[in-house]
Amino acid sequence: MSVPPAVPGSASSYPFDARPLVEPVPPGAARAFVQELRRTGRLKGSPFAGVLIVVVIAFVVVVVFGSVAVTMISSVVGAMSAGVEGGGGTALVFALFPLLVVGIIAAVAITLFVRGARTGGERMYRLDGFARANAMQYVPRFDDPGLPGMIFSIGNTRHSADLVRGDRPRFVEFGNYRYTTGSGKNQQTHHWGYVAVKLDTPLPHIVLDATGNNGLFGSNLPLAFDRDQRLSLEGDFDRYFSLYCPSDYERDALYLFTPDIMARFIDNAAALDVEIVDDWLFLYAKRDFSTLDPQTWAWLFSVVGALLDKFAQWARWRDDRLAGVGGSAAASVPFTPPLDALQPPPGVAPEGRRLQRGVPWVPIVVGGALVLFWIVTQMGGAFLR
């Protein structure tokens, strides 16, 4: 993954300072900040895109009403030349109507463009100030981030926006994520908020599907996993999360999710879906995380801060299925190797790197039932006729 350089911090190492999110913005500061982002290449896109949209809209309106306007104006000129009384003023009004429509549309579009540009600039300025106040870095947009989480490989036009990231004591990134599926009238844009935390070592692919944010048809996650991989844990954990781990990795999941770690997830992240994949941990929700709301940031910082000190336990995990890799190297030396050399190397065996996909049966069954109901009603109506 390509990661721009960062100068970040963490919730546990620095005091949480949300003042830049709500403090007044000095006149001209947001505009100057956006200009600097464009000058340094951190913000792409033409500042004249909104003006171009206005021109295109006006052109379309002129084309649509052009023939009517020409006809009306010709009638007015003909009537005036012939000295016809009455009707000339009315015809003139209708002739000028398309131009009036164009003027109104252009005025509204320019107003919305200017207001949107001002609001967007202030938003970026505030988020940048918030990031710097907490020893982190703000990135306006990052196309196709290439992270290994489940939401990052689906759809088209994938991009992260309003990223706030830091790397002390470990890399943490907060962001909003968008991707589209379908095409034409069926095209849909999907909105996610995510937190990405870099771990010390690769771990088995584990998903915690939060039960509290499920919808009418079950999980709100974009992918379904084979239910044979679901693992039941002790206590109340199953009330809050459905845990999926690769087959034969149940013991490893129990090692990683000790009672104290399960309690941290229940107390702090019960509203979030969690994915552990490779050497990353992701927290997901179908809402923006990077906002101007101090309460949202306080909550996210508290979640990450509550989990950070537990990741040291996970750094000691090793996949016993890789024991032969380390053992062959240790056996080649003519002396007793240190204990660390006898341990499997960091990593995950191929069978533990990814969960097996499942079929989302509930939406399929419900959709099939609706289709069947429609067919039956149509046939019944035809029979009655």
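Throughout this description, residue numbers start from 1 for each chain and increase along the sequence as written. Reporting in this predicted model follows two pLDDT cut-offs: at least 70 for local features of residues, and 80 or more for side-chain atom pairs to be given and counted; totals over whole chains, interfaces and linings ignore these cut-offs and use all residues. Side-chain measures were taken over the full set of non-hydrogen atoms in the model, leaving aside hydrogen atoms and water.

(A) The arrangement of the nonpolar core in detail. Within this scheme, the nonpolar core is defined by two criteria: the residues are buried Ala, Val, Leu, Ile, Met, Phe, Trp, Tyr or Cys, and they are joined through side-chain atoms within 4.5 Å. Working definition: with a 1.4 Å probe on protein chains only, accessible area under 20% of the residue-type maximum means buried, over 50% means exposed, and in between means partly exposed. Ranked by internal contacts, the top residues of the largest apolar core, which has 57 residues, are Phe 237, Leu 243, Phe 257, Phe 265, Leu 281 and Trp 314. We call two residues in contact when some of their heavy atoms are within 4.5 Å. Ignoring anything within four residues of it in the chain, the contact list for Leu 243 reads Ile 206, Val 207, Leu 208, Gln 229, Arg 230, Leu 231, Leu 233, Phe 237, Ala 253 and Phe 257.

(B) Up close: the confidence of the model for the protein chain. The predictor's confidence in any single residue is recorded as pLDDT, a number from 0 to 100. This prediction gives the protein chain a mean pLDDT of 81; 66% of its residues lie at or above 70. A low-confidence stretch, residues 1-13 stays under pLDDT 50, and its non-local contacts, those more than four residues away or across chains, total 38 contacts. Here residues 112-117 is a poorly scored stretch, pLDDT under 50, and it has three contacts once near neighbours within four places are set aside; other chains count.

(C) Examining the packing of helix H7 (residues 259-269) against helix H8 (residues 294-308) more closely. Helix axes are fitted to C-alpha atoms over the stretch in contact, other axes to C-alpha atoms as well, and angles between N-to-C directions run from 0 to 180 degrees. Every helix listed is a DSSP run of H or I at least four residues long, and every strand listed is a run of E at least two residues long, numbered separately from the N terminus. Closest axis-to-axis distance for the H7/H8 pair is 10 Å, and the angle between their directions is 175°. Viewed along their axes, H7 and H8 adopt a mutual orientation that is roughly antiparallel. Across from Arg 264, Phe 265, Asn 268 and Ala 269 in H7, the residues of H8 making contact are Trp 299, Ser 302, Val 303, Ala 306 and Leu 307. When grouped by side-chain class, the residues that make up the contact of H7 with H8 number six nonpolar, two polar and one charged. By the definition adopted for this analysis, an angle is roughly parallel if under 35 degrees, roughly antiparallel if over 145, roughly perpendicular if from 65 to 115, and oblique otherwise. Following the grouping adopted for this structure description, the nonpolar residues are Ala, Val, Leu, Ile, Met, Phe, Trp, Tyr, Cys and Pro, the charged ones are Asp, Glu, Lys and Arg, and the polar ones are all others, Gly among them.

(D) Representation of the pattern of salt bridges in the model. Throughout this description, the term salt bridge denotes a Lys or Arg side-chain nitrogen within 4 Å of a carboxyl oxygen of Asp or Glu. Following the criterion strictly, the structure yields 18 salt bridges and no others. Between Asp 200 and Arg 170 there is a salt bridge, and its shortest N-O distance comes to 3.1 Å. Taken together, the residues span a long stretch of sequence, with Asp 200 in strand S4 (residues 188-210) and Arg 170 in the loop between strand S2 (156-166) and strand S3 (172-181) at a distance of 30 residues. Where Arg 239 meets Asp 236, a salt bridge forms, and the shortest distance between an N and an O atom there is 3.7 Å. Each of Arg 42, Asp 128 and Arg 132 takes part in a single network of salt bridges with overlapping partners.

(E) Up close: the packing of aromatic side chains. Side-chain rings of Phe, Tyr and Trp, where Trp is taken by its six-membered ring, are said to pair if the distance between their centres is within 6.5 Å; with planes under 30 degrees apart they count as stacked, over 60 as edge-to-face, and otherwise as tilted. For the coordinates displayed, the defined rule picks out 25 aromatic pairs. Judged by centre distance (5.5 Å) and plane angle (50°), the rings of Phe 152 and Phe 282 are tilted. Of this pair, Phe 152 sits in the loop between strand S1 (137-143) and S2 while Phe 282 sits in strand S7 (residues 273-285); the two residues are 130 residues apart in sequence, bridging distant segments of the chain. Take Phe 152: its relative accessible area is 2%, and that puts it in the buried class. With relative accessibility at 0%, the residue Phe 282 sits in the buried group. Relative to Tyr 284, the ring of Trp 192 has its centre 6.2 Å away and its plane inclined at 75°; by these criteria the two rings are edge-to-face. Here Tyr 284 lies in strand S7 and Trp 192 lies in strand S4, a separation of 92 residues in the sequence. The same class applies to Trp 192 and to Tyr 284, which are both buried. Cluster of aromatic residues (ring-pair linked, three or more members): Phe 152, Phe 171, Tyr 177, Tyr 179, Trp 192, Tyr 194, Trp 280, Phe 282 and Tyr 284. Here, a charge over a ring is recorded when the distance from Lys NZ or Arg CZ to the ring centre is within 6 Å and its angle to the ring normal is within 35 degrees. Its guanidinium or amino end placed over the ring of Tyr 249, Arg 321 lies 3.7 Å from that ring's centre, counting from NZ or CZ.

(F) Main features of the environment of Gln 137. Mapped onto the secondary structure, Gln 137 falls in strand S1. The class for Gln 137 is partly exposed, based on a relative accessible area of 21%.

(G) Spotlight on H8. One less than the number of residues in a helix, times 1.5 Å, gives the span that helix is expected to have. The end-to-end C-alpha distance of H8 is 21 Å, a good match for the 21 Å that 15 residues give at a rise of 1.5 Å each. Taken residue by residue, H8 has Thr 296, Trp 297, Leu 300, Phe 301, Val 303, Val 304, Ala 306, Leu 307 and Leu 308 as its buried positions.

(H) How the structure looks around H7. Residues of H7 that are buried: Ile 261, Met 262, Phe 265, Ile 266 and Ala 269. Viewed end-on, H7 has its buried residues packed into an arc of 140°, placing them on one side of the element. Facing away from the buried side of H7 by over 90 degrees, the exposed positions are Pro 259 and Asp 267. By arc we mean the arc of the directions from the helix axis to the C-beta atoms, nothing more.

(I) View of the pairing of S2. Most of S2 sits out of view: eight of its eleven residues are buried. Strands are labelled as partners when DSSP assigns at least two bridges between them. Two strands pair when backbone bridges link them, and S1 and S2 are joined in this way by six bridges, in the antiparallel orientation. Each bridged residue has a counterpart across the sheet, and for Gln 137 the counterpart in S2 is Arg 165. As paired strands, S2 and S3 are joined by seven bridges and run antiparallel to one another. Bridge pairing links Ser 160 to Tyr 177 in S3. Where S2 hands over to S3, the hairpin turn is made up of five residues, counted between the paired strands.

(J) Fine view of unusual backbone geometry. The omega torsion of the bond from Arg 168 to Pro 169 falls at 0°, within 30 degrees of zero and hence cis. Its location among the elements puts Pro 169 in the loop between S2 and S3.

(K) Representation of the environment of Thr 180 within the structure. For Thr 180, the position within the fold is in strand S3. Separated by 24 residues in sequence, Thr 180 and Asn 156 place their C-alpha atoms 5.2 Å apart. If near-sequence neighbours (up to four positions away) are discounted, Thr 180 is found in contact with Gly 155, Asn 156, Thr 157, Gln 187, Gln 188 and Thr 189. A polar contact of 3.0 Å, which involves the side chain of Thr 180, links it to the side chain of Thr 157. We define a polar contact as two N or O atoms separated by no more than 3.5 Å, with the added condition that, inside protein, one atom must be a possible hydrogen donor and the other a possible acceptor, whereas residues neighbouring each other in sequence contribute only through side-chain atom pairs.

(L) Fine view of the side chain of Arg 170. Since its relative accessible area comes to 13%, Arg 170 is described here as buried. Polar contacts involving the side chain of Arg 170 include one to the main-chain carbonyl oxygen of Lys 198, which spans 2.9 Å. Separated by 3.1 Å, the side chains of Arg 170 and Asp 200 make a polar contact. With sequence-adjacent residues up to four places away left out, Arg 170 is seen in contact with Val 197, Lys 198, Leu 199, Asp 200, Leu 308 and Phe 311.

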